[in-house]
Every structure is written in structure tokens, then in C-alpha cells.
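Residue-level structure breakdown
Given next are the chains, with one letter for each unit.
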Amino acid sequence: MDHLESKSEYYDMSLSKADFTDLTLEDTVFEDCEFNHCNFYSAKFSHCKFNNCTFNYCNLSVINIAYSRFYAIVFNECKLSGTDWTRADWPNFNPDFELTFRKCILTNASFFGLTLNNLTMEECKSVDVDFRESDLTGSVMTGCDFSGSLFNQTVLHAVNFTDSWNYNINVLNNTVTKAIISRLEALALLESLGIELVD
């Protein structure tokens, strides 16, 4: 199948090497679906639902996800540059949407103000990502590059940052209680307090 239609429902479907550049879908449901090496560059998903789906080696850069819902989604080695996750529909009654990103490119993305507890980011390039005012309680964000990413009034309670680097987190402006942080990066947190370290 290389054609998807709006106002449709797709269950237990597997697609490989399909090109959906600039695709526009409305009111479409995907459940238990798998996408492999597919190109969704600049696709528009409006009021769509993705439930228990997996994306492997896909290009989802600058997708528009207005009012769409995501639950139990895994992205493996995908490119998701320029994605504004704040445009999706995140119901207040559920703080854990079981989102997983593994070895993904998430540059220039925005999670501003979102509550995404237990988010998983493993070995991702999370450069210039906006995490301001978001609640990431219990998230696993290991082995990631956070160069240029923004953390302000962010809830990072019990977040695991093991082996991640280049994050600039002011402990006075963010909640970092019980966070797990690599020793060298912890020194940078002390610098945000104006503490001078000597040998």
C-alpha cells in the first residue's frame, strides 16, 4: 500500500519504503501499525489518532500534528526535526503517553508546556529543543546531546540523564529533585549556582 486516505481506520498494518511527502490526512486512525523506512516529510496529520504504533528509520521532519493524539508510540532511528509537539492533543487526564524515541534526530523541536511523564529518549540528538515549562517527571533521557536546548520552569523530578551531555539546567529555575546525572555534568549544575570549583 502506498496510499493513505483521510477519515479512514488502519489496524495491524505494516508499510515499508513508502513516500508520503506532503501527505495530508484528517480524522484518520492508526492502531498497531508499523512503518519502516517511510518518508513523511512535511506531512499534515489533523485530528488523527496513533495508538501502539512503531516508526523505524522514518523521516518525519517538519510534520504538522494539529490536534492529533499519540499513545504508546515508538520511534527508532527516525528524523523528527522541526516538530512542534505542542500542537498535538494531550488529554489532561493522562500524564503518561508512553512515548519512546531511540537514536532519533529531534533537533529544533518543541515540547513547551507539555506534561509527558515517563518520556523515553535514548541516544538522541536533542539539539535546540524547547522543554520550558514542561513536566517530564520520571523520564529516561540517557545518552543524548542537549546542546542549545531550553530548560526553564521544567519539572525534571526523578529524570535519568545518565550519559547525556551539553544540557544547561539552572537548578534554581527548574525542579531537579532525585534526578540522576553523570558526575561531570553535575559540575555544570553547580556552576549555575555561581559556585567556583577548585582542585
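Everything quoted here is computed from the prediction, not taken from an experiment.

1. Let's talk about the nonpolar core
One broad trend across soluble globular proteins is that nonpolar side chains are buried collectively. Among the nonpolar cores identified, the biggest contains 55 residues, and Phe 40, Phe 55 and Phe 101 are the most heavily contacted of them. Every element with two or more residues in this core is listed here: strand S10 (73–76) and strand S11 (99–102). Ignoring any residue separated from it by four or fewer positions in sequence, one finds Phe 55 in contact with Phe 35, Phe 40, Phe 50, Leu 60, Ile 73, Val 74, Phe 75, Asn 76 and Cys 78.

2. Comments concerning the sheet that holds S10
Here seven strands make up an open sheet; going across it, the order is S2-S5-S8-S10-S11-S12-S13 and the pairing parallel. Single-partner strands in this sheet number two, and they are strand S2 (14–16) and strand S13 (140–142). For this sheet, the mean angle separating the axes of adjacent strands, direction not counted, is 5°. Relative to S11, S10 is paired through four bridges, and the arrangement is parallel. Each bridged residue has a counterpart across the sheet, and for Val 74 the counterpart in S11 is Thr 100.

3. Some points on unusual backbone geometry
At Ser 42, a residue that is not glycine, the phi angle is positive and equals roughly 60°. Relative to the helices and strands, Ser 42 resides in the loop between strand S5 (34–36) and strand S6 (44–46). Residue classification places Ser 42 among the buried residues on the basis of a relative accessible area of 17%. Residue Lys 178 is not a glycine yet carries a positive backbone phi of 60°. Judged by its relative accessible area of 70%, Lys 178 falls in the exposed class.

4. Some words on the sheet that holds strand S7 (residues 49–51)
With respect to topology, four strands assemble into an open sheet ordered S1-S4-S7-S9, the strand pairing being parallel. Only two strands of the sheet have a single neighbouring strand rather than two, namely strand S1 (9–11) and strand S9 (69–71). Direction aside, neighbouring strands of the sheet carry axes that sit 5° apart on average.

5. Overview of the side chain of Asp 130
Within the secondary structure layout, Asp 130 lies in the loop between strand S12 (120–122) and S13. A distance of 2.7 Å separates a polar atom in the side chain of Asp 130 from a polar atom in the side chain of Arg 132. Beyond its immediate sequence surroundings of up to four residues, Asp 130 is in contact with Ala 109, Ser 110, Phe 111, Phe 112 and Leu 150.

6. Concerning the environment of Arg 183
Along the chain, Arg 183 turns up in helix H1 (residues 183–191). Taking the C-alpha atoms as reference points, Arg 183 and Asp 128, 55 residues apart in sequence, are found 23 Å from one another.

7. Some remarks on the pattern of salt bridges
Within this structure, the stated rule accounts for four salt bridges. Salt-bridge contacts for Asp 27 lead to Lys 7; the nearest nitrogen and oxygen are separated by 3.2 Å. Here Asp 27 is found in the loop between strand S3 (24–26) and strand S4 (29–31), whereas its partner Lys 7 is found in the segment before S1, with 20 residues between them in sequence. The exposure class assigned to Lys 7 is exposed, which follows from its relative accessible area of 61%. One salt bridge connects Arg 69 with Asp 89, and the closest N-O pair in it is separated by 2.7 Å. On the criterion of sequence distance, the pair formed by Arg 69 in strand S9 and Asp 89 in the loop between S10 and S11 is long-range, its members being 20 residues apart. Given a relative accessible area of 35%, Arg 69 falls into the partly exposed group.

Each value, and the rule that gives it
Residues numbered from 1 in each chain as written. Predicted model: local features only at pLDDT ≥ 70, side-chain atom pairs only at ≥ 80, totals over all residues. Heavy atoms only, no water. Core = buried A, V, L, I, M, F, W, Y, C linked by side-chain atoms within 4.5 Å. Buried < 20%, exposed > 50% of the residue type's maximum accessible area, 1.4 Å probe, protein only. Helix = DSSP H or I, 4+ residues; strand = E, 2+ residues; numbered from the N terminus. Contact = heavy atoms within 4.5 Å. Pairing = 2+ DSSP bridges. Axes fitted to C-alpha atoms, helices over the stretch in contact; angles between N-to-C directions. Polar contact = N/O pair within 3.5 Å; in protein donor to acceptor, adjacent residues only side chain to side chain. Salt bridge = Lys/Arg side-chain N within 4 Å of Asp/Glu carboxyl O.

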